Amino acid sequence: MVKKTYTASDIEILKGIEPVQKRPGMYTDTSTPNHLLQEVIDNCVDESIAGFCNNIDITVNKDGSFTVKDDGRGMPVDIHPEYKKSGVEVIMTNLHSGAKFSNKNYKYSGGLHGVGVSVVSALSEVLTVNIERADDPNIYQISFKNGLISKKLSKISKTQKKSHGTTITFKPNQTYFDSDIIDLNRLHKLLEAKSILKPGLKIKIIDLKYRKEEKVYCHSGSLDAYLKNSLEGIELLPKQPILIELDTDLFELTSTLCWHQDSNETIQDSYVNLIPTSDGGTHVNALRSAVTESIREFMTSHKLTPKNLKIIPDDIWKNTSFLLSIKISEPQFVGQTKNKLQSTSIGSKLTNQLKDRLELWLNNHIETSEEICSIAISNAQIRASVTPKKTKVTSKSIILPSRLSDCSSKDPSVNELFLVEGDSAGGSAKQARDRIFQAILPLRGKILNTWEVSSTKVLESKEVQDISTSIGVKPGESDLSKLRYEKICILADADSDGLHIATLLIALFVKHFPDLVINEHIYVSLPPLYRLDFKNKILYAISDEHMTEVLKQNKIKSSDPKLSITRFKGLGEMNPSQLRDTTLNPLSRKLLLLSLENKAKDMKLLNMMLSKKTSSDRKLWLEKKGNLVEAS
């Protein structure tokens, strides 16, 4: 019950890292621990941008913890003159502390709020920092539990050689996250991008928990080559993407862009100080304005614009792919997750310089520029030919999610929607699908466990909202008259991580869209786990058991030297033709219909698997059925 009186004694002051633990969603993305790991990696990358770090090693440990090691200068271990504590203790236990509020130590960096690594400490069960400094022969260590010091800074040994750097090991506290399983595809994409954006930086990831593999990212190539490789198999204009490099007193910028006929396959990624800005911001707006203005002026000067046809920015931008990386001192972001740049002071200068470079390129490549203009003109003509219906606009008008690559058919009885795990796999699926009747909706990471969430609350999840809007049915709704797809197919990786995502989606449909299950609209795709090359044959298997069966059917011995077996690590690693033949083509794919044969029994099993209240039952089940988990 709310108190009737309100006095000064009612005012609470949260100290140190308490605000983070009280409202974690204000400081990080709480869907998975990905952002915590990114915060630690970003600090290492800042050392690299400053010229002090050449190697970053990331280890995904078996116990669910992460270790990030760099060969930078090492966190300071001397005593802070004001706080009378070691520099590392100040950094790890105080919000808004760090060496990035001025340009004395870092000209360009991403950790400008000074809360990143202290948030990691606050939201971790345990965190340990090991420090080696070039000017000190000792190795120092400090440890924390739930953000509080558990072991003060001390010397633990002597360095064996002149090594230096910081090693942080932390285990996220599951209490603060929807899922404790990291999105590996998203992590690998981030690491590859950082290595591309910082040539010469070597980033190694060792996965001891999920894929049991080691991978190194290190590139020296240019950004335009990276974009071209990412759009392999698509005809580009120009064939080698345009590369723009700017270096001013306010910023350093590298950008590459190109056009292509298929607007569904665009890549549009931006970064600020090597941090991905998924929501764009000032730098992306500047590029968009520069592209629009320069092409409009080129069309006018070369008399290419048809009479009575207005070219709008979307006509030009619709088929554009770009990568944009800017380094700027003291960038202003929207929120701690830094998804959007808000530094408006550089906007006009950035737009003008980009426009000058683009105009120069367009006028030096007349023939290609005219082809680019023809794409914009074609988009404008298609847009103009569509006569809008004179209907009253209501609040019920549906705006489909921007991530949805819809099909062209308007017949729900033949249309299919694939819910795909991750942007990388989503990109392959978009190229592999039949655009006439197959739609693709990429999902970012694991969706919320909705088993114990009410249908009225479940739409607070962005992923669930996108699914609901795409299919045209609301959670708990029995009216399927607005259903947009006959088949809704869950398409996740064939590994255990993918099976977890598929399970969460199955739970979502069974609990909140039961009529879709009852009326046989929900399917689970079975992508292959293995590719088998034998002589001139290419065979696929969806599991270990299926591989044994396939070998037996084709009379192939597993020991035959002519047999080559490839294990797919994820859908994103399959090229579009493989994904099409094995998973999307109705003539050759494998789909499982989701149904409840024994509803009471099935619901009891799902409840045991997904409810927080049945953890003890789940533990017993795992102890009895653990061998099945290993086999899968």
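Each remark here, short or long, concerns the structure printed above.
Below or above, wherever it landed, is the structure these notes cover. Per chain, residues are indexed from 1 in the order of the written sequence. Given that this is a predicted model, residues contribute local features only at a pLDDT of at least 70 and side-chain atom pairs are listed and counted only at 80 or more, while totals for whole chains, interfaces and linings are drawn from all residues. The basis for every side-chain value is the complete set of non-hydrogen atoms in the structure, without hydrogens or water.

Here's the deal with the overall build of the protein chain
Reasoning step 1: Helix and strand definitions follow DSSP, with helices as H or I runs of at least four residues and strands as E runs of at least two, each counted in order from the N terminus. Helices and strands together make up the secondary structure of the protein chain, namely 18 helices and 21 strands.
Reasoning step 2: Of the contacts made within the protein chain by residues no fewer than 6 positions apart, 68% connect residues no fewer than 24 positions apart. In this description, contact between two residues means that some pair of their heavy atoms is separated by no more than 4.5 Å.

Quick look at the environment of Ile312
Reasoning step 1: Tracing the backbone through its elements, the reader meets Ile312 in the loop between α7 (282-301) and α8 (313-317).
Reasoning step 2: Between the C-alpha atom of Ile312 and that of Ile377, which follows or precedes it by 65 residues, the distance is 9.7 Å.
Reasoning step 3: Beyond its immediate chain neighbours, meaning those up to four positions away, Ile312 contacts Arg296 and Arg383.

Thoughts on helix α13 (residues 496-512)
Reasoning step 1: Compared with an ideal rise of 1.5 Å per residue, which puts 17 residues at 24 Å, α13 spans 24 Å between its outermost C-alpha atoms and is within 8% of the ideal.
Reasoning step 2: Note on exposure labels: buried denotes an accessible area under 20% of the residue type's maximum, exposed denotes more than 50%, and partly exposed covers the range between, all computed with a 1.4 Å probe on protein chains only. Judged by how many residues are buried, α13 sits mostly within the fold: twelve of 17 residues are covered.
Reasoning step 3: What α13 keeps buried is the set Asp497, Gly498, Ile501, Ala502, Leu504, Leu505, Ile506, Ala507, Leu508, Phe509, Val510 and His512. Given the number of residues in a helix, its expected span is that number minus one, multiplied by 1.5 Å.

Some details on the pairing of strand β3 (residues 124-132)
Looking along a regular strand, one sees the side chains alternate between the two faces of the sheet.
Reasoning step 1: Here β3 runs beside strand β6 (residues 165-172); their pairing, made up of eight bridges, is antiparallel. Note on β6: the bridge partner recorded for Val126 is Lys171.
Reasoning step 2: In short, DSSP must find at least two bridges between two strands for them to pair. Here β3 runs beside strand β4 (residues 138-145); their pairing, made up of seven bridges, is antiparallel. Bridge assignment links Val129 to a residue of β4, and that residue is Ile142.
Reasoning step 3: Linking two consecutive strands that pair antiparallel, namely β3 and β4, is a turn of five residues.

A closer look at the packing of aromatic side chains
Reasoning step 1: Working definition: rings of Phe, Tyr and Trp (its six-membered ring) pair if their centres are within 6.5 Å, and the pair is stacked with planes under 30 degrees apart, edge-to-face with planes over 60 apart, and tilted otherwise. Taken as a whole and assessed by the stated rule, the structure comprises four aromatic pairs.
Reasoning step 2: Aromatic pair Phe66 and Phe170: ring centres 5.6 Å apart, planes at 40 degrees, arrangement tilted. In this pair, Phe66 is assigned in strand β2 (residues 66-70) and Phe170 in strand β6, connecting sequence segments 104 residues apart.
Reasoning step 3: For Phe66, a relative accessible area of 2% puts it in the buried group.
Reasoning step 4: The interplanar angle of 15 degrees and the centroid separation of 6.5 Å between the aromatic rings of Tyr540 and Phe568 together place this pair among those described as stacked. Of this pair, Tyr540 sits in strand β19 (residues 537-541) while Phe568 sits in the loop between β20 (563-567) and α16 (576-584); the two residues are 28 residues apart in sequence, bridging distant segments of the chain.

What about the environment of Asp279?
Reasoning step 1: Within the secondary structure layout, Asp279 lies in the loop between β12 (275-276) and α7.
Reasoning step 2: Separated by ten residues in sequence, Asp279 and Asp269 place their C-alpha atoms 9.3 Å apart.
Reasoning step 3: When neighbours within four sequence positions are excluded, Asp279 is seen to be in contact with Asn339 and Lys340.

Examining a negative patch on the surface
Reasoning step 1: Surface patches are defined over residues having more than 30% relative accessible area and no salt bridge, joining like charges when they lie within 9 Å and nonpolar side chains (Val, Leu, Ile, Met, Phe, Trp, Tyr) when within 5 Å. Note on areas: Shrake-Rupley, 1.4 Å probe, and residue coverage restricted to the protein chains presented here. By definition, a salt bridge exists where a carboxyl oxygen of Asp or Glu is found within 4 Å of a side-chain nitrogen of Lys or Arg. Think of it this way: Lys and Arg go in the positive column, Asp and Glu in the negative one, and His and the chain ends go nowhere. All charge positions are set by atom: Lys at NZ, Arg at CZ, Asp at CG, Glu at CD. A cluster of acidic residues, Glu235, Glu367, Glu370 and Glu371, forms a negative patch at the surface.
Reasoning step 2: With respect to the helices, strands and loops of the structure, Glu370 is situated in helix α10 (residues 366-385).
Reasoning step 3: In this structure Glu370 comes out as partly exposed when scored by relative accessible area, which is 34%.

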